[in-house]
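Descriptive structure summary
What follows is each chain in one-letter form.
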Amino acid sequence: MGSFAEILERAEKRKGGAEGLRALLPEAPDHAVLRATPDDRLLSQMTRYVFYAGFVRNVIDSKWPGFEAAFAGFDPAFLNLAPDDYWHDLTSDTRIVRNGAKIMSVRDNAQFIRQLADEHGSAGRFFADWPVEDHIDLLAVLDKRANRLGGMSGQYFLRAIGRDSFVMSHDVLVCLRLAGLPISETKPTKKDLRLIQDQFNAWGAETGLPQTYLSRICAFSVGMPGEEEEV
């Protein structure tokens, strides 16, 4: 495997130099802020990314105030006690996108959030305190215990709530393969996931950069300019 410096140099050339690339990177993830994030805000973000899948994001975003109202501000305590009639009525509620399976995922994920709060004090603490060096196992928790948060939805959810994490977009995987990582050109296997985690850990040790930055820089180093999949 080559040094991350080669990837960084390629990304800088594509993005107008070091300053141009830096302007595309967000503020560094702050797990102290994540740890203090209320459970209802985490459930709100979970729901947003569940509904993003298969829909135009602008459509979901434009209706989001209606989502907040329809789902009672995503209060897990309320949603865990809401009767079946409440959920049935939501399937005809014009304030939201009326997808029955995704609506019911909110009930399941409200239960998941409450379980995390019972186990760890809050869901924010759980997500903030999980070791960055073991991100792939956190993704496995979302796949197993949450509803409709496997795959890219779970990865983008974690990025959105401010957790330091890499995203395995098409461009990031291309970057990893170009760097010499022997991973599949299709869906990553369990072995591939461990190789990817180990590589990001190694690059983090090499550069001192958060994995969020490493992931984004990887994406910016490949693909068509302006069309990278990483967000």
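Residues numbered from 1 in each chain as written. Predicted model: local features only at pLDDT ≥ 70, side-chain atom pairs only at ≥ 80, totals over all residues. Heavy atoms only, no water.

Going by an unreviewed UniProt entry, the protein chain carries the name DNA-3-methyladenine glycosylase I and comes from Rhizobium calliandrae.

Within the protein chain one finds 15 helices and 0 strands. A globule of 231 residues ought to have a C-alpha radius of gyration of about 17 Å, and the protein chain, at 19 Å, matches this closely. A principal-axis box enclosing the C-alpha atoms of the protein chain has dimensions of 55 × 35 × 30 Å. Counting every position in the protein chain, which comprises 231 residues, the buried fraction comes to 47%. Intrachain contacts of the protein chain at a sequence separation of at least 6 include 68% that bridge at least 24 residues. Looking at charge distribution, the protein chain has the averaged site of its 27 positive side-chain charges lying 3 Å from that of its 33 negative ones. (Helix = DSSP H or I, 4+ residues; strand = E, 2+ residues; numbered from the N terminus. Rg over C-alpha atoms; globule rule 2.2 N^0.38 Å. Buried < 20%, exposed > 50% of the residue type's maximum accessible area, 1.4 Å probe, protein only. Contact = heavy atoms within 4.5 Å. Lys, Arg positive; Asp, Glu negative; His and termini not counted. Charge placed at Lys NZ, Arg CZ, Asp CG, Glu CD.)

Taken N-terminus to C-terminus, the directions of helix 9 (residues 100–120) and helix 11 (residues 135–145) make an angle of 125°; their axes are 11 Å apart at the nearest point. When the interaxial angle is binned, helix 9 and helix 11 end up oblique. Like other packed secondary-structure pairs, helix 9 and helix 11 cross with a definite hand, here right-handed. Touching F112, Q115, L116 and E119 of helix 9 are V141, L142 and R145, all from helix 11. Here the contact of helix 9 with helix 11 is built from residues that sort into 4 nonpolar, 1 polar and 2 charged. (Axes fitted to C-alpha atoms, helices over the stretch in contact; angles between N-to-C directions. Parallel < 35°, antiparallel > 145°, perpendicular 65-115°, else oblique. Left-handed = near helix turned anticlockwise from the far one by under 90°. Nonpolar A, V, L, I, M, F, W, Y, C, P; charged D, E, K, R; others polar.)

Looking now at the side chain of H31. If you trace the backbone, H31 turns up in helix 3 (residues 31–35). The residues touching H31, leaving out its near neighbours within four places in the chain, are A128, V132, G162, R163 and D164.

As a further point, take the environment of R148. With respect to the element layout, R148 can be found in the loop between helix 11 and helix 12 (151–160). Classification of R148 by relative accessible area gives partly exposed; the value is 42%. Apart from the residues lying within four places of it in its own chain, the contact partners of R148 are V50, A101, K102, S105 and S153.

Before going further, it helps to examine the packing of helix 1 (residues 4–14) against helix 14 (residues 190–207). Two numbers describe how helix 1 lies on helix 14: the axes approach to 10 Å, and their chain directions differ by 80°. As summarised for this structure, helix 1 and helix 14 are arranged roughly perpendicular, according to the angle between their axes. Every residue of helix 14 that contacts helix 1 at F4, A5 and I7 is listed here: W203, E206 and T207. Of the residues assigned to the contact of helix 1 with helix 14, the class counts are 4 nonpolar, 1 polar and 1 charged.

With that settled, the discussion passes to the pattern of salt bridges. Charged atoms that come close allow side chains of opposite charge to pair. The final tally for this structure, using the stated rule, is 10 salt bridges. Two residues, R194 and D137, come together in a salt bridge whose shortest N-O distance is 3.9 Å. Placement of the pair is R194 in helix 14 and D137 in helix 11, with a sequence separation of 57 residues. For R194, a relative accessible area of 34% puts it in the partly exposed group. What you see here is one network of salt bridges that share partners, running through D40, R41 and E68. (Salt bridge = Lys/Arg side-chain N within 4 Å of Asp/Glu carboxyl O.)

The next thing to look at is the packing of aromatic side chains. According to the stated counting rule, one finds 15 aromatic pairs in the structure shown. With a centroid separation of 4.7 Å and an interplanar angle of 15°, the aromatic rings of W64 and F67 are classed as stacked. With W64 and F67 both in helix 6 (residues 64–70) and 3 residues apart, the pair spans about one turn of that helix. Exposure remark for W64: the relative accessible area of 6% places this residue in the buried category. For F67, a relative accessible area of 0% puts it in the buried group. Grouped by ring-pair contacts, the aromatic residues F51, W64, F67, F71, F74, F78, Y86 and W87 constitute a single cluster. In this arrangement the basic side chain of R48 is found over the ring face of W64, its NZ or CZ atom lying 4.4 Å from the centre. In this arrangement the basic side chain of R57 is found over the ring face of Y156, its NZ or CZ atom lying 5.7 Å from the centre. (Phe/Tyr/Trp six-rings, centres within 6.5 Å; stacked < 30°, edge-to-face > 60°. Lys NZ or Arg CZ within 6 Å of the ring centre and 35° of its normal.)

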